[in-house]
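Residue strings, one per chain:
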Amino acid sequence: MLCYTYDGSFDGLLTAIYEVYYRGEDPKKIKSIEGLEQNFLDTYVHISTDYEKSRKVYNSIEKKISRDALENVYCVYLADREEDKDTYIYEYLKFGWKAGSKVDSYLSDDRVLRVHAIKRRVDREVHRMMGFTRFSLLEGNVYYAPIEPDNNILPLLAPHFSKRLPDQNWVIHDLGRRIAAVYNTREWMIADAALLGEIPRTDAREETYRQLWKQFYSNVSIRERFNPSLHRRLLPERYWRHLTEKW
Amino acid sequence: MPEALCFSNKVEGWCDLDTLDKLSILAEGAKYDVSCVSSGSSRKNTPGGLGSGYAAGFCHSFTTDGRCISLLKVLMSNDCVYDCAYCVNRVSNDFPRATFTPGELVDITINFYRRNYIEGLFLSSAVYKNPNYTMELFIRVLKMLREEYRFNGYIHVKAIPGADNALVEQAGLYADRMSVNIELPSNDSLKLLAPQKNKEKILGPMGFISTKISENKEDIVKYKKKQYFVPAGQSTQVIVGATPHRDINILKLSEALYKRYKLKRVFYSAYIPVSNHPALPAIEKPPLLREHRLYQADWLLRFYGFSADELLSDSRPDLDEQLDPKCDWALRNLHLFPVEVNRCDYETLLRVPGIGVISAKRILTARRVSSLDFDDLRKLGVVLKRAQYFITCKGKYYKGIIMDDAFIRQNLVRENMMQAMKSGNMAEEYRQVSFFSNGYDYGYDYGYGYGYGHGRGHGLAGAGDFGFRGLNIQDRDFRKSLAGIGMNTGMSMNMGMGLVQGPGMDIALNIGGMNGVNMGMITAEEKMKSITGEL
Ligand code: SF4
């Protein structure tokens, strides 16, 4: 079985899709090379990223299919723990170039359904993390937030926080992926977390507000309505580690 | 806490040593006010300012009772001069009092916001000194936040009943949303339980705010006016279960408020006993299931095109406890069904149980490119377990369904309950309904201790349990046989057993599954009544 591999970047993925058409091959799968365990029954062809080719595919998705489709593809690409996401994207696009702008109306077609389902999961996590991200003030006047999301959502979180907290320096650190979004009151960028160096200590003022917040949190629950299972469903335990009020 | 720590980089310090205690007292006092949603207002960031509203709002955390925390919801003061019987803050209640200074509250708000703890501020208060004084305190907080700190986050502020319109108006220029709580659904109950309030004091400011909102909307169009007045609209809250009002009274009130005052939301708050005033009911637990059903009905009013009269009537003044209001309505209107999913219009789709706003829209989209069958509907998110009785796909019914009121009702009730069990929402309340109401309910919900006689009848429909149901053996005609036995095997083992003769009784037994061992009994007499009544 033929499988294309790419370097893990969005441009890499689009280049691979370009090559499918250019070479007239029909790979059964497309996969990121990162952490890939090769299976010796399959044939792997590595596609090296080419910005020009990627642009062409990008534009073609936007023009021949739709802006929404482009957004779907990007969001699904960010679901980096989804084993077959690249193949799903590829099949969705193949169908998309046939169906045109109506592709997202085929809500019961598996190729469309899968992409929509993953997109929804990513959207939900982004929405959640816009609320669950917790900043602490560090020495040196930087607000620092460690996160461990299921999807690679920094590129979607950063623009939100640059609007919400525009007059403070902040860093959002994706611990699992070892990358960080860094903002300096003017612009943000995503960088390798190693560049952050040693994380400074928390500012002396920090503890006060943490205490106040925890106090508030413990006071607003209504004992008569206690409902732990609902609580856990809405605020899954895997997020608790970084929630100040749960410390 | 050391005083110096309270100063943020900008605030001229206001934190007293006892800020922590104050926050704890004043958050405690505000928590019963449920209308804490921050939506409907998207403020753009002003240059150099802090924060932005976002139309859909975020939950920043959840309370252990499963409510969304998005705003710093506190009282300015709990030191009330009024004496409302249902309220902890009433002047006659002997308990600790506290009042924030505006600076203190602003400091907490700004610092919480910078840490992304909150979406904004929800400012409420007891009547401190007098209504105008309290309102003026609010205005100082709002002004400081919006002007000094250029805070663009969400602000919800209460209009204190009895305050001057001029002050209400001023606050409205800074707030995203305002609310005046109705609390009690009639003037008589206000007189009895909140002697210093009356209908005029509440509806007065409400009407004033609603007029101002629409004037402001026109001004913005006409004069390109920049300053908004309460852009996210106003809301109110009604307490449920503190007075003898029926659901129909409450729902009709809401309907009128939506129409007349263009309210954005009416919130319902199950009464939690806080005092033993003789005019208040002595209840053990807040009526949460009732509150839940009211929210569902309210949703139907706002988004599904239903009217209160369709849902309730004088002869049926309360919402069904076992069944959500939409299923209940559909069952009473079976003559309107089935509808053909591939053809009927949006409004009709919305009225089908199991089809919500999102799935109805998806159906419209999807059927433009291909006609849909049941399998497609499932993929679009339609809850077929509910919808199956009310729709056809390409002219066909869902396979194997039986169009019989009682049968459908039984299945929908079970579906309602399974859903509650699965989501954890209202699970406990459902258990309550099934445990403590009469045997009829019990057998129904718990063990299906009796069978359903449809046509030949399925003897004992096995003890339907909330776990997984497996094989279902059902073969006896109840009305003829003396006993019927139903059994489900699967993930849990359930057994139902019925005896129908003389003073016999019905036994349902669940073993295993989520609920451990449950047993239910109803008398044969009751059972016969329920069966014959249903069929
Ligand atoms: S006026 Fe408000 S705070 Fe005061 S007693 Fe009445 S309900 Fe409570």
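Residues numbered from 1 in each chain as written. Chains lettered and ligands numbered in written order. Predicted model: local features only at pLDDT ≥ 70, side-chain atom pairs only at ≥ 80, totals over all residues. Heavy atoms only, no water.

**Observations concerning the overall build of chain B**
Here comes step 1: A count of helical and extended segments in chain B gives 18 helices and 15 strands.
Here comes step 2: Counting all 535 residues of chain B, 58% fall into the buried class. (Helix = DSSP H or I, 4+ residues; strand = E, 2+ residues; numbered from the N terminus. Buried < 20%, exposed > 50% of the residue type's maximum accessible area, 1.4 Å probe, protein only.)

**Description of the packing of aromatic side chains**
Here comes step 1: One pass over the structure, following the stated rule, counts 25 aromatic pairs over all chains.
Here comes step 2: Here Y128(B) and Y133(B) contribute two aromatic rings whose centre-to-centre distance is 5.8 Å and whose plane-to-plane angle is 65°, an arrangement assigned as edge-to-face.
Here comes step 3: Take Y128(B): its relative accessible area is 17%, and that puts it in the buried class.
Here comes step 4: Taken together, the ring pairs connect F306(B), W329(B), F337(B), Y389(B) and F390(B) into an aromatic cluster.
Here comes step 5: Over the ring of F95(A) we find R111(A); its NZ or CZ atom is 4.0 Å from the centre of that ring.
Here comes step 6: Cation over ring: R351(B) sits above F306(B), and NZ or CZ is 4.0 Å from the ring centre. (Phe/Tyr/Trp six-rings, centres within 6.5 Å; stacked < 30°, edge-to-face > 60°. Lys NZ or Arg CZ within 6 Å of the ring centre and 35° of its normal.)

**Overview of the side chain of D203(A)**
Residue and element names in this part refer to chain A.
Here comes step 1: Tracing the backbone through its elements, the reader meets D203 in the loop between β8 (188-192) and α7 (206-220).
Here comes step 2: Of note is the side chain of D203, whose polar atom sits 2.8 Å from the backbone nitrogen of R205.
Here comes step 3: In this view, D203 contacts L137, L138 and E139; residues no more than four positions away in its chain are not counted. (Polar contact = N/O pair within 3.5 Å; in protein donor to acceptor, adjacent residues only side chain to side chain. Contact = heavy atoms within 4.5 Å.)

**Structural notes on the pairing of strand β6 (residues 169-174) of chain A**
Residue and element names in this part refer to chain A.
Here comes step 1: Counting buried residues along β6, five of its six residues qualify, which places the element largely inside the surrounding structure.
Here comes step 2: For the crossover from strand β5 (residues 142-147) across helix α6 (residues 154-164) to β6, the handedness is right-handed.
Here comes step 3: Pairing geometry for β6 and strand β7 (residues 179-183), over five bridges, is antiparallel. Directly across from V171, in β7, lies its bridge partner V182.
Here comes step 4: Counting the residues in the hairpin turn of β6 and β7 gives four residues, including R178, whose phi is positive at 55°. (Right-handed = clockwise from strand over helix to strand, strands pointing away. Pairing = 2+ DSSP bridges.)

**Examining the packing of helix α2 (residues 102-114) of chain B against helix α3 (residues 131-148) of chain B**
Residue and element names in this part refer to chain B.
Here comes step 1: The geometry of α2 relative to α3 is characterised by a closest axis approach of 9 Å and an angle of 45° between their N-to-C directions. With respect to α3, the element α2 is oriented oblique. Two packed elements cross with a definite hand, and for α2 against α3 that hand is right-handed. Taking contact as the criterion, the partners of P102, G103, L105, V106, T109 and I110 in α2 are, on α3, L137, R140, V141, M144 and L145.
Here comes step 2: Classifying every residue of the contact of α2 with α3 gives eight nonpolar, two polar and one charged. (Axes fitted to C-alpha atoms, helices over the stretch in contact; angles between N-to-C directions. Parallel < 35°, antiparallel > 145°, perpendicular 65-115°, else oblique. Left-handed = near helix turned anticlockwise from the far one by under 90°. Nonpolar A, V, L, I, M, F, W, Y, C, P; charged D, E, K, R; others polar.)

**Observations regarding the nonpolar core**
The nonpolar side chains of a soluble globular protein tend to be buried, and buried together.
Here comes step 1: Counting residues in each nonpolar core, the largest one holds 190 residues, and the members touching the most others are W170(A), L72(B), M178(B) and L377(B).
Here comes step 2: Beyond its immediate chain neighbours, meaning those up to four positions away, L72(B) contacts F216(A), L23(B), L105(B), I108(B), T109(B), F112(B), I118(B), G120(B), L121(B) and F122(B). (Core = buried A, V, L, I, M, F, W, Y, C linked by side-chain atoms within 4.5 Å.)

**Quick notes on the domain arrangement of chain A**
Residue and element names in this part refer to chain A.
Here comes step 1: The domain boundaries assigned to chain A delineate domain 1 (2-125) and domain 2 (133-246).
Here comes step 2: For domain 1 versus domain 2, the separation of C-alpha centres amounts to 31 Å.
Here comes step 3: Counting residues at the interface gives nine residues for domain 1 and nine residues for domain 2.
Here comes step 4: Note on domain 1 versus domain 2: buried area summed over both sides is about 860 Å², and carbon and sulfur give 46% of it.
Here comes step 5: On the surface where domain 1 and domain 2 come into contact, there are two salt bridges.
Here comes step 6: Between D80 and R177 there is a salt bridge, with its nearest N and O atoms 2.7 Å apart.
Here comes step 7: Remark: the boundary between domain 1 and domain 2 carries five residue pairs in polar contact (both at pLDDT 80 or more).
Here comes step 8: Tallied by class, residues from the side of domain 1 that touches domain 2 come to five nonpolar, no polar and four charged. (Domains from an automatic or database assignment. Buried area = accessible area lost by both parts, 1.4 Å probe. Salt bridge = Lys/Arg side-chain N within 4 Å of Asp/Glu carboxyl O.)

**Looking at the sheet that holds strand β1 (residues 2-6) of chain A**
Residues and elements named next belong to chain A.
Here comes step 1: What the three strands build is an open sheet, ordered β2-β1-β3; its pairing is parallel. The open sheet is flanked by β2 (29-32) and β3 (43-46), the only strands paired with a single partner. Adjacent strand axes in the sheet meet at a mean angle of 30°, parallel and antiparallel pairs treated alike.
Here comes step 2: Where β1 and β3 come together, four bridges link them in parallel fashion.

**Structural notes on the interface of chain A and chain B**
Here comes step 1: Counting residues at the interface gives 57 residues for chain A and 67 residues for chain B.
Here comes step 2: Both faces combined, the contact of chain A with chain B buries some 5600 Å², and carbon together with sulfur accounts for 57% of it.
Here comes step 3: Considering only the surface of chain A that becomes buried against chain B, R164(A), Y209(A) and R225(A) emerge as the three largest contributors, covering 16% of it.
Here comes step 4: Our count for the chain A to chain B interface comes out at four salt bridges.

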